Amino acid sequence: MDPVSLTTLLAAAAMAGWVDAVVGGGGLLLLPALLVAAPGMPVPSALGTNKLAAIAGTATAAVTFARRTKIDWGVAGPAAGFAVVSAGVGAVLAGAVPGAAYRPVVLVVLLAVALFVLLRPRLGVVALPQRRTPARVAAAVAVAGVGIALYDGLIGPGTGTFLVLAFTALVGADFVHGSAMAKVVNAGTNLGALVVFGVTGHVWWLLGAAMAVCNIAGAVLGARMALRRGAGFVRVVLLVVVVALIAKLGYDQWLAG
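I will try to describe carefully the structure that is included in this document. (Residues numbered from 1 in each chain as written. Predicted model: local features only at pLDDT ≥ 70, side-chain atom pairs only at ≥ 80, totals over all residues. Heavy atoms only, no water.)

**Examining the overall build of the protein chain**
So, point 1. Secondary structure assignment for the protein chain yields 10 helices and zero strands.
So, point 2. Listed N to C, the secondary structure of the protein chain is α-α-α-α-α-α-α-α-α-α in terms of helices and strands.
So, point 3. Computed over C-alpha atoms, the radius of gyration of the protein chain comes to 17 Å, within 12% of the 18 Å expected from 2.2 N^0.38 for 257 residues, which places it in the range of a compact globule.
So, point 4. Considering only C-alpha atoms, the protein chain reaches an extent of 50 × 35 × 30 Å along its principal axes.
So, point 5. Within the protein chain, the fraction of its 257 residues that count as buried is 55%.
So, point 6. Summarising the internal contacts of the protein chain: among those between residues at least 6 apart in sequence, 82% fall at separations of at least 24.
So, point 7. Working note: accessible area of the protein chain is about 10800 Å², and carbon and sulfur atoms make up 74% of it. (Helix = DSSP H or I, 4+ residues; strand = E, 2+ residues; numbered from the N terminus. Rg over C-alpha atoms; globule rule 2.2 N^0.38 Å. Buried < 20%, exposed > 50% of the residue type's maximum accessible area, 1.4 Å probe, protein only. Contact = heavy atoms within 4.5 Å. Areas by Shrake-Rupley, 256 points an atom, 1.4 Å probe, with all protein chains shown as cover.)

Written out as structure tokens, the structure is:
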């Protein structure tokens, strides 16, 4: 790989780590960068190499959040456990499900998320602990640890964003604590998918390791910034990432090719 392409990927990995740490969606930057900078890389290898970089960043962000704020392990722990298995299943199915089959569904979901956040300006800004009922905890674990984790194994971009929204809407976490829980679960989804991609030979280990170092640097910076600036800052970044995801998926659906 030429120096310019390598530098581009390392910079994209650092930026993706920052975005993932704040609110998720770093794959929106890193996956396209891999496919452009390494044009000979098969799509499953791009997904697998991305997971190697991403797990380093999400695990680092999870540790950073855990040291500085309280994580609801009663929700995040079980969800992360299920996520390892569900994301692994998604990775197994990744080659069998074409992007065109689920891209319109994801677009509709993202549009609904954007409207939901815009129309409910207090969502995630203030914690609502009264929402944390046993039924809602079970629903959050199922949605995050099974549904969203399966999606992450299949394709990935936007997973962290979906996780943050799930925890704020279902169990009343504010955006900072929802993001902290999302990092724990996202580390689980990345692990499950990485194991499958690694076993099947779809990880470029040296490139992924170099990207992981940069992803970690971005993740530390992003997690600290989210903790310092609070829920309002995370909400703004969340909206920006959701709009960017909608634009990217819309382009892929109707304009690309």
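The structure having been displayed, the exposition proceeds.
**Regarding the environment of Ala66**
So, point 1. Mapped onto the fold, Ala66 is located in helix H3 (residues 43–68).
So, point 2. Ala66 sits in the partly exposed class, given a relative accessible area of 39%.
So, point 3. Spatially, the C-alpha atom of Ala66 lies 25 Å from that of Val240, the residues being 174 residues apart in sequence.

**What to know about a positive patch on the surface**
So, point 1. A cluster of like positive charges, contributed by Arg67, Arg68, Arg224, Arg228 and Arg229, occupies part of the molecular surface.
So, point 2. For the positive patch, the secondary-structure elements that each account for two or more residues are H3 and helix H9 (205–229).
So, point 3. Its location among the elements puts Arg224 in helix H9. (Patch = residues over 30% accessible without salt bridge, like charges linked within 9 Å, V, L, I, M, F, W, Y side chains within 5 Å. Salt bridge = Lys/Arg side-chain N within 4 Å of Asp/Glu carboxyl O. Lys, Arg positive; Asp, Glu negative; His and termini not counted. Charge placed at Lys NZ, Arg CZ, Asp CG, Glu CD.)

**A word on the packing of aromatic side chains**
So, point 1. All chains considered together, the criterion is met by two aromatic pairs.
So, point 2. An angle of 80° between the planes, with centres 6.3 Å apart, marks the rings of Trp18 and Phe233 as edge-to-face. With a gap of 215 residues between them, Trp18 in helix H1 (residues 3–22) and Phe233 in helix H10 (residues 231–254) connect regions that are remote in the sequence.
So, point 3. In this structure Trp18 comes out as buried when scored by relative accessible area, which is 18%.
So, point 4. Judged by relative accessible area, Phe233 falls into the buried class, the value being 17%.
So, point 5. Measuring from centroid to centroid gives 5.7 Å for Tyr151 and Phe162, while their planes differ by 70°, and the two rings are edge-to-face. You can see Tyr151 sitting in helix H6 (residues 134–154) and its partner Phe162 sitting in helix H7 (residues 159–171), a full 11 residues away along the chain.
So, point 6. By relative accessible area, Tyr151 is classed as buried at 14%.
So, point 7. Since its relative accessible area comes to 12%, Phe162 is described here as buried.
So, point 8. Above the ring of Phe233, the side-chain terminus of Arg229 is found at 5.3 Å from the ring centroid. (Phe/Tyr/Trp six-rings, centres within 6.5 Å; stacked < 30°, edge-to-face > 60°. Lys NZ or Arg CZ within 6 Å of the ring centre and 35° of its normal.)

**Remarks on the side chain of Asn186**
So, point 1. Tracing the backbone shows Asn186 in helix H8 (residues 175–199).
So, point 2. Since its relative accessible area comes to 4%, Asn186 is described here as buried.
So, point 3. Leave out the neighbours within four places in its chain, and Asn186 touches Thr58, Asp152, Thr159, Gly160 and Leu163.

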